Each structure stands twice: as structure tokens, then as C-alpha cells.
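Summary of structural features
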Protein chains: 2
Amino acid sequence: MLTYSMQDAGSESLYLYIYRCIKNDILSGALVSGTRLPSKRSFAKQLGVSNITVENAYAILQSEGYVYSLPKRGFFVSDITFPSFSRTDSDTFGIAQSHWEDYFPRPHISYFADFVSNRTVPENFPFSIWARLMRETISAKSNELMNTPPCGGIPELRLAICSHLKQFRNMNVRPEQVIVGAGTDYLYSMLIQLFGRDKTYAIEDPGYEKIAKVYRSNGVACRYIRMDSSGIRLSDLEHQNADIVHISPAHHYPTGIVMPVSRRYELLRWASQTPDRYIIEDDYDSEFRFSGKPIPTLQSIDTLGKVIYMNSFTKSLASTIRISYLVLPDALLRRYYDTLSFYSSTVSNFEQYTLAAFLEEGYFEKHINRMRNHYRAVRDALLKEIAASTLADCTTITEEEAGLHFLLHIRTKMSDDALVQKAAENGIHIACLSGYYHSGTPDSHAIIMNYSGITLAAIPEAIRRLSAALR
Amino acid sequence: MLTYSMQDAGSESLYLYIYRCIKNDILSGALVSGTRLPSKRSFAKQLGVSNITVENAYAILQSEGYVYSLPKRGFFVSDITFPSFSRTDSDTFGIAQSHWEDYFPRPHISYFADFVSNRTVPENFPFSIWARLMRETISAKSNELMNTPPCGGIPELRLAICSHLKQFRNMNVRPEQVIVGAGTDYLYSMLIQLFGRDKTYAIEDPGYEKIAKVYRSNGVACRYIRMDSSGIRLSDLEHQNADIVHISPAHHYPTGIVMPVSRRYELLRWASQTPDRYIIEDDYDSEFRFSGKPIPTLQSIDTLGKVIYMNSFTKSLASTIRISYLVLPDALLRRYYDTLSFYSSTVSNFEQYTLAAFLEEGYFEKHINRMRNHYRAVRDALLKEIAASTLADCTTITEEEAGLHFLLHIRTKMSDDALVQKAAENGIHIACLSGYYHSGTPDSHAIIMNYSGITLAAIPEAIRRLSAALR
């Protein structure tokens, strides 16, 4: 007969103790499948506990499937079969004794200045305004904050983005065309679902390797298209049978090329030739142009609904607030809402409402103006410091009128790898243009000077180190 | 010779006016490709403006590609080809005169009570604590907030999730196993990329239709597996050649079935039979169990690294804060970090740090306890109100011990569609169990009473209306 010593329960609840004892007996095989457990009343009496204690223990055993009950007959031990644990493939089943450091190794080099990474310098983020708008949002919008937003985001933010696009880019966009999502990576994957996996996607070479990674990771065909001085080559696009082309016409990364109007119209003509062709216009840093009027977007000269415009608050606000957006042409709206609107929005309501207020109340415009002045000052200080350094005699600078990087061309016999290595030894993180080519290219001797994360104060020392490294 | 009347400039900047005049002449064909523009100096003199004004105008024209410059020769009109605008396919190219309402029609029915949607009642969200923690985060962590987090989220949040899982689910999980993302939809798509598109995914039938939609939208094979009273049928899994099975063993939606231990071990054994088989354990509402001890997760009895655990703060905190997470088994960690860690985190640092503090400082535990009491009170009030209504004679209630819904079985001659329709006419939004079957099933006469968005105050009237509707 089933019995347990209640003295061994220690400080544990009696019902949990009984539950555990019976479970162990089932797992060990002491209680075999089909065994009838004592009735609650008699078992309680025998153990010297209340009926409710046994009842609770049985209830847990039943809810976990160790026992089952039959009406008017009582509780019975279930038939539990255990897996065989046969380790047929140690690579697949081997459980690593891994640690955080295995996946996030500490960097060997701590850089004095980093001309590669994108990071908003904390002094440049409008923390006090953001905190106030967040507080106001929480206190004024408790009801709206709990309402499930449409997949493309709350109407207020989408409308505020339309006004911003009208004001800054002279684009005429309606809120239903704006789809807000948690970063451009996420929006790329939405576009793949929208266009289909049978399409061939074309990206710029050189370009951001990450865009190719997203396409490949999503299992779609992705072709690299070489660029000339006006942007991607149309002939290659035809040759590669591309359907969807992904470009940054306003300011290509990392070459800085601005696609001229002629190429833009050629591209639109290319897209108009078959119904499946579309252009993704990634306008990632158009807010930061230092001279002249911003160039009209492809989206605004597209009358055939062939352009999907993309932008993000990553560069303009902070890369750690994950809000990007698409502008879909009318031709794709119905398809989007029919096939993809079942997805939940990926951006928190709290941040959507806060950003909407930030845009509506004019803070974003002020922030952009302040940042443009800041980045211009950083760029000017860098150019001045380079001109006054030993780099002046062996370098030329190009593409400094827009975006947050310029190219520093060096006359040197060192390889690009050696340049990067020597700079690193001097505490300066740089990357060369050649590293952004997929199809291979001779050493460029062109350093991409991305200065978004550089402070004014660090510039003299950074350039002193860089010139020492590259001498 | 090129000339414009500067009187027509009006209030526009002179350089923008000149830019616009020349651009219009190029677009209209008045200035043809190859035409040399006057020299800046002579043109400025002729127009009676400063040299810098013409220089600015030419710079914009050049940056936009309307003109090009040749060293020492000057500026020339570019060759711009326009697209043909031939509308070959009006369905594809037709631009709809669409409006917001076309995509977001206003609902015809305004419900008095909604037993279908998931929404956190605003009074239940800890707004003041959240606002304070957000404020503290912003003031104390300005530097960390701007640092790009790893793809899987900030270490602080991942560690806090480990502690939570230890405390609430007795799971032993290390922070590198925890991958935070903007909602479960997003995490499903990560898992598809991790496992591969050549796998066959199996989901529960009945179940959430949305899970199937995500799999289908991502272009992978997805099979519906019928359930018996212990959960999905193993024989069907074998029969359908499934590789990855997606289940909610702790509390199936909408049947409320808790998978017994025997079936759990059978499933683990199934998974152990080939290296490609895995189990996704979606533990979406395990925080809300009203009786007995929570059931151990599949993850915690899996010694072979075959289980991916998933959970979310959607039900436990608010569906509009988009934070969910995966727990990867060791066997998949290296693959994840090698192939998917290039992705940016999809959750804002601001919310990651705030949620980490909310967990670490014990607020989440208190919130869950408070919510569990609240939901128990709502459930009890509903059961009491039903028992006191005319529904008592014609209904039975099941699966009321866990989660945020129970099943109300009605003895009626009405069809399920008629039940839903009659309830809607009385201002009550309900759904029937039969609607969650993919493979078709006779009318269930079982209403899923999801009470997460119901207030205590609304219950008497809601049940009065429901009983009137179903009479």
C-alpha cells in the first residue's frame, strides 16, 4: 500500500510533498501504469493530513498528466513512455558548456576614435524633450496606449510622417501608404513577403553587406549590380533579370554617389517595362545635406507607382530607437492590406505616440537642424585638422557635401588591409571602400570617414593618431 | 541666349528661382542635351545677381543631374530620357484614388463587451511605475541607451528574463539563450530562417490561425495536425512528415487542453529521432493559472536540446508593448549566432532597459500576482453571473482553471454562426470553437469566453445581453 513519511516533508507544503513523492514513484517505475491510487479520503486519513491536501496533490498530478481519473472509480497512474536518449549524432545533440563570452567575445582593441560604427553621441540625443513627451503620452493617452494599433502603425505617427515628408522632401504621401516597422531589416522582410520569393532582388555593389544578408537569409535570389559614377548600371540590371532593385539614389553608401536625374528616369523606365518590376528607394540619410537643395526623391517623380520609399529615424534620431517606415505606391496598397495586415505592429505604442508628438510639435525639425549644424561642424573640424596635418600632402577628400561620411583618398603603397591594421594599432577604427565591394576590386586606398559618432573634442587627437598611423 | 526675368522671382530665393527656370527649360526641351550653359560670371552679370547666386543654382542642377560640368569648359545640359508612360496593364499601373477608410473601414458594430480581442484594460497597466522607470532609465543611462545592443537584446533584460523563468517556471536558462524580439510574429520568422525553408512546420488544429499565416507568408510548408484530448496526435505528425512542431502544451488555445506528461515525453521522443526535428513550445499565458502548481515546461524536461521555448509580455503586461522572447537550446546557439546575429535588435533600448528594471525590481512579479487576482475575480464574477442567469440551464463550462478564457458549451439548435450573429446583435462579441478548426468540424456550440478585456463592472450587463441573445 502506498505510503510516505510525512516527517520528511520538512518545510515544503504537504500537498507539494505528496505530489512529489507520487511523481517520483511513477518516474522510477515503483508505481506502474494503470495502478489505482488510494481514494483521497482514505489516503488523507492514513497520512494524517486533510482531505484537501491530498486533493490538491492529485489535482496537480492529474493536470501534469501523471495520473488520470475515471468517473466514480478514482485516480490511475498514466502510461508514460520515456524517450530513448540515443545519441546518434553528437554534433547535433552535443550540448555545449557555453558561456556569454563565447558568443560576445570582448573586443581586443579599445578604439580612441571609431570612424566605422554608427552611434548617436549621447549629448546629441534630446533626452529631456523625449522624456517629457513620453511622460505626457503616458499620462494623457492611457486608453490609446492599450489599443492594438493597425499593423502599419498608429494613424497619428503615419500622418506626422506624411507632414514631415511634405515639408522636407516635398513628397505627397497619404497616411495609409506609410507602414511603420521596427527597423529597416524588418521592413525588407515584409517587402519580400509582399513581392514574393520567386523574384530576383538586385542590390548595389559596392554597398551595405547587410542588405544582401537579409535577402539571402530570407531565401530569395539576390544579385550584386556594379555601379558607375551615376549609380547602378542599367545594362547589368537587365542582364541579371532583376525584378526588384534596392538603391540609395540620394546618397549612396559608401561611395557618396548621388544618382543624377537622367539615371533616375532610366530606372523608372526600366521598372515600367514589366508589371513585376519595382524600385526600393532607401533614403537613409537624406536629412543631412550640407549644400544646395535636397534632391527630389525617386518616389516623387514616379507617376507609375513603381517606387517603394524607405526611411528610418535611425540616423536622424538614434539607432537604438527602432522606428523605420515604408511608403507604398498605390499600386501595392491593396496587396499589402490583403496579404500582410494580419501582422501585429512591431513598434511599441508608447514610442509611436511619443515620436508622433516629437514630429507634430516641431521638435524633430529643430533636432535635425541642430544635428545638421553639429555634423557640419564635425566635418569642417575634421577637414581643417586633416589639412593642417601631414595627411594633407598625401590625401584628397571627396563626397563631403552630404551624409555623415566622406572619402579620404590616400596616395600610399600600403594595402587597404595594412591601412586598417596600422590605424587600429593607433587606436583608430577605419574601413576602406574596397571592403564594401562584393565582386572584388583592387585596393582603393580610400578610407570611409564616418563621423556620426565622433565628438568635436576628440578630433585633433584622432587625426594626430591617424596621420601617425598612415605616414 | 539664356535669360530670365528676375522680377518674376517674387519672394523666392534668387538661386532657387534660377535653378527652377533652367530645370523647367531642360524638362520642356527648350534647353537640349549638350547645350553649354553661360559661364557663372557672365550669367550673373547679365541677370544682375551675384556670382554666388548663379554658382548655387548651377550646383543644385549638377547635384540633381540636370547638368554636368567638364573641367575648364563649363556646364552642359545632361541627356535625360523620360519613361514612355505606356499604360500596358491598367490593373497593375492603375493608381487608385484611395483613402484611409478603404483600408481601415469603421466597424459597423460597436460592442458593449468583447470576448474575442486581447486588450489590457487601461486600469490594469502599471502606468505610474512604468513612467517612473522610463524616466529613471532616461536620466541614468543616457550612454547605454545610445549603444547598439546585440541582436538578441541587452544583457540586462536577458538576465532578468532568466531570473523570472527560474522563479516562475523553474527553468535553468543562461542569458545567451534568450533572444528578445518585437513580438512573436517576428520571432517565428527568425526561427524559419534558423531552421530553413525546406522544413515542414506543423501546427495545432484547432489553433490560432495567425501562426499558420506567418508560416505561409514566409513561404514554408505548414501542416495542420488534429488534436485529441492530450494535444496533437503523434501519428499525424509522423504521417505529415513534419520537422518542426509548434505547440502550446501548457494551455492550448482555444481548447484549454493541458498536454499531459506522457504526451510530452512521446513528443520529445519523436523529436529525438532525427537531427532536424524540433519543438517550438509557445507558453503564451502560463502566468495565469488559478489552481495547482504550474506545469513544468517541455523545455525543462528536454535533455536533448530539442525544444525552443517562447513567451511574451503581450498577455502579462500589454499587447501594445512589443516584447517577446525565445529560449534557444544549446544545440542551436552556435547556428543562431553564426547566421542571424547580423540582424539589428527590433526592440528599442529605452523599453528594454525599462522592462529589465521592471523585472529586476520585482514589479513584474507584483503585477502578475495582482493581475492573476484580477482575472480570477473576473472569471469568478462571470461564472457566478452565468450561474444566476437563464444560461445556467442550457450551458456547461469547461477549461476555466487557467489562462484568460474558458469554454461555454451551449445546448442549442442554433448554428455557431447564428450564435455569433445573435450575440453581435446584442452588442456582445464572441467566437465559437469551431471557427478555430482549419480542417472543418461540426458546429461546436462552444463559445470561447476570452475575458482579458472585460471589466468587472461590465459583467452583469454583458451576461444579461448574452443570455438574451442565446435564449
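Before reading further, recall that the structure is shown in the block above.
Figured I'd write up the structure that's included with this text. All figures in this text were calculated on a predicted structure; none of them were measured in a lab. (Residues numbered from 1 in each chain as written. Chains lettered and ligands numbered in written order. Predicted model: local features only at pLDDT ≥ 70, side-chain atom pairs only at ≥ 80, totals over all residues. Heavy atoms only, no water.)

**Topic: the relation of the copies chain A and chain B**
- When chain A is fitted onto chain B, the two copies agree to an RMSD of 0.1 Å after a turn of 180° and an axial shift of 0.0 Å. A rotation of that kind, with that shift, is consistent with a two-fold axis. (Least-squares fit on C-alpha atoms with pLDDT ≥ 70 in both.)

**What to know about the interface of chain A and chain B**
- On the chain B side, the residues contacting the 103 residues of chain A number 104 residues.
- The contact between chain A and chain B buries some 9100 Å² in all, and 63% of this surface belongs to carbon and sulfur atoms.
- On the surface where chain A and chain B come into contact, there are zero salt bridges.
- Here chain A is connected to chain B by 22 residue pairs in polar contact (both at pLDDT 80 or more). (Contact = heavy atoms within 4.5 Å. Buried area = accessible area lost by both parts, 1.4 Å probe. Salt bridge = Lys/Arg side-chain N within 4 Å of Asp/Glu carboxyl O. Polar contact = N/O pair within 3.5 Å; in protein donor to acceptor, adjacent residues only side chain to side chain.)

**Overview of the pairing of strand E8 (residues 244–247) of chain A**
Residue and element names in this part refer to chain A.
- Side chains Ile244 and His246 project from E8 onto one buried face, and the interleaved Val245 and Ile247 project onto a second face that is buried too.
- Summarising the sheet, strand E5 (residues 200–205) and E8 pair through three bridges and their orientation is parallel. Across the sheet, residue Ala202 finds its bridge partner in E8, namely Val245.
- Bridging between E8 and strand E9 (residues 278–282) involves four bridges; their strand directions are parallel. Directly across from Ile244, in E9, lies its bridge partner Tyr278. (Buried < 20%, exposed > 50% of the residue type's maximum accessible area, 1.4 Å probe, protein only. Helix = DSSP H or I, 4+ residues; strand = E, 2+ residues; numbered from the N terminus. Pairing = 2+ DSSP bridges.)

**Comments concerning the side chain of Thr120(B)**
- With respect to the helices, strands and loops of the structure, Thr120(B) is situated in the loop between strand E3 (113–114) and helix H6 (127–140).
- Residue Thr120(B) is classed as buried on the basis of its relative accessible area, which comes to 5%.
- Within the structure, the side chain of Thr120(B) is placed 3.5 Å from the backbone oxygen of Leu317(B), a separation counted as a polar contact.
- Those residues in contact with Thr120(B) that sit more than four places away from it in its chain are Met146(A), Phe125(B), Leu317(B), Ala318(B) and Ser319(B).

**Description of the environment of Leu268(B)**
All names here are of chain B.
- Considering the arrangement of structural elements, one finds Leu268 in helix H12 (residues 261–272).
- For Leu268, a relative accessible area of 5% puts it in the buried group.
- Considered as a pair, Leu268 and Leu14 are 254 residues apart in the sequence and their alpha carbons are 76 Å apart.

**Regarding the side chain of Thr200(A)**
- Position of Thr200(A) relative to the elements: it lies in strand E5.
- Once residues within four sequence positions are removed from consideration, Thr200(A) is found in contact with Ala221(A), Arg223(A), Gln240(A), Asn241(A), Ala242(A), Asp243(A) and Ile244(A).

**Concerning unusual backbone geometry**
Residue and element names in this part refer to chain A.
- Here the amide bond leading from Tyr253 into Pro254 is cis, since omega sits at 5°, within 30 degrees of zero.
- The phi torsion at Asn241 lies on the positive side, around 55°, for a residue other than glycine.
- On the secondary structure map, Asn241 appears in the loop between helix H11 (234–239) and E8.
- Since its relative accessible area comes to 57%, Asn241 is described here as exposed.

**A word on the packing of helix H2 (residues 40–47) of chain B against helix H3 (residues 51–63) of chain B**
All names here are of chain B.
- H3 packs onto H2 with a crossing angle of 120° between their chain directions and a minimal axis gap of 8 Å. Helix-helix and strand crossings are classified by hand; for H2 and H3 the assignment is right-handed. Residues Lys40, Arg41, Phe43 and Ala44 of H2 form the contact with H3, whose participating residues are Asn51, Val54, Glu55 and Tyr58.
- Residue composition of the contact of H2 with H3, grouped by class: four nonpolar, one polar and three charged. (Axes fitted to C-alpha atoms, helices over the stretch in contact; angles between N-to-C directions. Left-handed = near helix turned anticlockwise from the far one by under 90°. Nonpolar A, V, L, I, M, F, W, Y, C, P; charged D, E, K, R; others polar.)

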